[in-house]
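Chain residues, written in single-letter form:
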2 protein chains.
Amino acid sequence: MDSTTQTSSNTQTTIALDAMGGDVGPDVVIPGADRFLKDHPDLNFLIFGDEARIKPALDKTKLLRNKCTIIHTDKMIENDDKPSAALRKSKGSSMRMAIESVLNGDAQAIVSAGNTGALMAMAKIILKSMVGIHRPALASLLPAPNGDTIMMDMGANVLVDAENLVQFAVLGSIFAKAHKNVDKPTVGLLNVGTEDTKGPDHIKGASTILSNIDFPGQYKGFVEGTDLLNGVVDVIITDGYAGNIALKTMEGTAKTISRQLKKAITSDPLALIGTALSFFALRRFKKKVDPRLYNGGVFLGLNGLCIKSHGGTDDLGFASAIHLAYQLAKAGYIDQVSTEIQNLLSQDTLVDEA
Amino acid sequence: MDSTTQTSSNTQTTIALDAMGGDVGPDVVIPGADRFLKDHPDLNFLIFGDEARIKPALDKTKLLRNKCTIIHTDKMIENDDKPSAALRKSKGSSMRMAIESVLNGDAQAIVSAGNTGALMAMAKIILKSMVGIHRPALASLLPAPNGDTIMMDMGANVLVDAENLVQFAVLGSIFAKAHKNVDKPTVGLLNVGTEDTKGPDHIKGASTILSNIDFPGQYKGFVEGTDLLNGVVDVIITDGYAGNIALKTMEGTAKTISRQLKKAITSDPLALIGTALSFFALRRFKKKVDPRLYNGGVFLGLNGLCIKSHGGTDDLGFASAIHLAYQLAKAGYIDQVSTEIQNLLSQDTLVDEA
């Protein structure tokens, strides 16, 4: 992960944590927050959840115990609740209370490793879409040779139109500015080929609009599936259908190759010795593709920052998700998007279908 | 690649080759055909192209020189011709003449490593869609732990409806029967999740139809991007938009990981020695994921078999593409599809939108 952070303010930042989310809960969330605090002392946390489970984890921390407030609740959203069911019984749950603290201005961002569908539904209902934004969307980081690539939508919206994609390009570009500290991030649209005539209508339509408007990124045309990890652009825009399939295809391919490689290099005694000698090199390799460093889906386009951590991650992974929340809060992401969306809506080239 | 072949006839099979296709032309096509002949003596080839370039390559072969007929032409389709331009000037070209030999019944299949767009356009115009098939589609093989997986459409049709997908399921299942020698291949629909409510309408619609009809496969529900290489089903059905993006994402991910691994294991002297000791194990690993063994896109749904080889492959890769042509021809693929499509059209559950 790129560790540069564009700071637009020097005031204290507060991040709300749903301590009960994820496969493990407080025993990952608390050490994750403590780990992140080491290099970011200008940070406070509001921690929502069961105090009896939070306290023991907190007692083991060095820094966090003095930089947080616990807001106790014994209600929580289960990982296997359906979003609709979760919503109905959400009142007073750690997830909902954490989101509400962003709405109330008590925190600048919320991070949860809980139920993805429930988190997205709840954040949308409580924080609501920003004025002018038609569909909030989910952004992820991908590793690339020259710093991370931001890709969105990763699955929040299966069906989108050209204008939704253009708005994603605005949301993603401002995210890239904060995360990569670049002035005009390059933007590509994921398609089945690079020729103008290729692809579905919503992709071609978005390409036409992006070629003709002024927005916070530089539009570079179509990119393909082979470009997702090569850093050819800073931001890759797609619909939630292709985005979700591409993301899971990357995961599956990486897992398959790792498994086969492991099998091969432990398959005979000579190879085993060889593997032992390559231990440090292989560890470096593993570190380079460590998914914990790319943990965190950012739900963009709402009146508040909401970050989803992977449910099965550890404290290092959870700290990566907090990092994204911190970067976007410090960069004044919400205000920047608000300004840019108004700028976009005022441009003639854009047909507003709202 | 699975090497079992379902043989429905013991008669001689003839395959037409576009000798001029691909980055190299006859010097890959001719040794590729010769290589395949070794284990398949019941095969003849019609070789279309420039005799002056074919002859020297043919003189070096042991078997092929006695099992082929050269049909000379000095016209050929260039790799960078646009499909429309290629079509206009196609008369008398090696690609077109090879396709026409299938139409005339002189060959049972055509294999070309030439311009993909031109080949698909030409095959569609000359061989035409089978009665009842609305959209021919491109199928590929993916490696899986328990034999290959067949995936389609890989990009011939960006926009499809539910019924198109159901037809792809029929085309793919009969391909799987021939290629994997299984009676009722399992079939999954690529989607963004496995719950019934998820995904775009054409995918959900196809799922409803496939759950209610009798067709040559067994429908197993939705699969995700993480399932493409794990062999959870024999056949994966998708539209050409998601299929093309998923295929290229797999390619890009595999390339990125290989490059990083190579860099890691040659990065220090100790690792280099380790890598040397693991030489045979790494070679086995490389062989397992050798893309040449999965070469060959099969254009299904036409009144004739048309197989596209990768333009940059070598003779081993070209032999893999010939293998697919041979399997499908021997299995009587065209007749099987014709029967099954009629069976499908007669079922009440299917809304025929033709």
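Residues numbered from 1 in each chain as written. Chains lettered and ligands numbered in written order. Predicted model: local features only at pLDDT ≥ 70, side-chain atom pairs only at ≥ 80, totals over all residues. Heavy atoms only, no water.

All names here are of chain B. Where helix H4 (residues 94-103) contacts helix H5 (residues 116-127), the two axes come as close as 10 Å, and the packing angle between them is 35°. Considering how the two elements wind past one another, H4 and H5 form a crossing that is right-handed. Judged by residue contacts, Met95, Arg96, Ile99, Glu100, Val102 and Leu103 of H4 engage Ala118, Leu119, Met122, Ala123, Ile126 and Leu127 from H5. Residues belonging to the contact of H4 with H5 are distributed by class as follows: ten nonpolar, no polar and two charged. (Axes fitted to C-alpha atoms, helices over the stretch in contact; angles between N-to-C directions. Helix = DSSP H or I, 4+ residues; strand = E, 2+ residues; numbered from the N terminus. Left-handed = near helix turned anticlockwise from the far one by under 90°. Contact = heavy atoms within 4.5 Å. Nonpolar A, V, L, I, M, F, W, Y, C, P; charged D, E, K, R; others polar.)

Attention now moves to the confidence of the model for chain A. Residue and element names in this part refer to chain A. Per-residue pLDDT for chain A averages 90, and the proportion of residues at 70 or more is 94%. pLDDT under 50 marks residues 1-9. Its contacts with residues more than four places away, or in other chains, come to 33 contacts. Under the prediction, the complex receives an ipTM of 0.88, its pTM being 0.89. (pLDDT = per-residue confidence, 0-100.)

Looking now at the sheet that holds strand E6 (residues 149-152) of chain A. Residues and elements named next belong to chain A. Pairing is mixed in the open sheet, where eleven strands are placed in the order E3-E2-E1-E4-E11-E10-E5-E6-E9-E7-E8. Looking at the sheet topology across the chains shown, the edges are occupied by strand E3 (68-72) and strand E8 (218-223). With strand direction ignored, the average angle separating the axes of adjacent strands in the sheet is 25°. Alignment of strand E10 (residues 297-300) against strand E11 (residues 305-308), held across three bridges, turns out to be antiparallel. From the neighbouring strand, Gly297 faces E11, where its bridge partner is Lys308. Packed onto the sheet, helix H1 (residues 26-37) meets strand E1 (13-18) and strand E2 (43-49) and runs at close to 175° relative to E2. Helix-sheet contacts for helix H11 (residues 315-330) involve E1, E2, strand E4 (109-112), strand E5 (137-142), E10 and E11, and the interaxial angle to E1 is about 140°. (Pairing = 2+ DSSP bridges.)

At the junction of the two partners, chain A supplies 51 residues and chain B supplies 51 residues. Notably, a salt bridge pairs Glu224 of chain A with Lys248 of chain B, separated by 2.3 Å at the nearest N-O pair. Put simply, the parts of the chain that give the side of chain A that touches chain B at least two residues each are helix H7 (201-212), helix H8 (240-265), helix H9 (269-277) and helix H10 (279-288) of chain A. Residue contributions to the side of chain A that touches chain B peak at 20 residues, all from H8 of chain A. Residues belonging to the side of chain A that touches chain B are distributed by class as follows: 25 nonpolar, 18 polar and eight charged. (Salt bridge = Lys/Arg side-chain N within 4 Å of Asp/Glu carboxyl O.)

A separate point is the sheet that holds strand E11 (residues 305-308) of chain B. Residues and elements named next belong to chain B. Spatially, E3-E2-E1-E4-E11-E10-E5-E6-E9-E7-E8 is the arrangement adopted by the eleven strands of the open sheet, whose pairing is mixed. If you trace the sheet from one side to the other, it starts and ends with strand E3 (68-72) and strand E8 (218-223), each paired once. On average, adjacent strands in this sheet sit at an angle of 25° to one another, irrespective of strand direction. As judged from the six bridges shared by strand E1 (residues 13-18) and strand E2 (residues 43-49), these two strands associate in the parallel manner. Considered in E2, the bridge of Ala16 is made with Leu46.

Another aspect to go through is the side chain of Ser173 of chain B. Residues and elements named next belong to chain B. If you trace the backbone, Ser173 turns up in helix H6 (residues 162-180). Note on Ser173: relative accessible area 0%, which makes it buried. Look past the residues within four positions of Ser173 in its chain and what remains in contact with it is Pro185, Val187, Phe215, Pro216, Gly217 and Val235. (Buried < 20%, exposed > 50% of the residue type's maximum accessible area, 1.4 Å probe, protein only.)

What follows is about the side chain of Glu224 of chain A. One can find Glu224 of chain A in the loop between E8 and strand E9 (235-237). In this structure the side chain of Glu224 of chain A is engaged in a polar contact, spanning 2.3 Å, whose partner is the side chain of Lys248 of chain B. Those residues in contact with Glu224 of chain A that lie beyond four places of it in its chain are Leu190, Asn191, Val192, Gly193 and Thr194 of chain A together with Lys248 of chain B. (Polar contact = N/O pair within 3.5 Å; in protein donor to acceptor, adjacent residues only side chain to side chain.)

With that out of the way, let us pick up the relation of the copies chain A and chain B. For the pair chain A and chain B, the relating rotation is 180°, the translation along its axis is 0.0 Å, and the fit reaches an RMSD of 0.0 Å. Such a combination of rotation and displacement between the chain copies is what one expects of a two-fold axis. A symmetric contact is evident, with 100% of the interface residues of chain A recurring at the interface of chain B. (Least-squares fit on C-alpha atoms with pLDDT ≥ 70 in both.)

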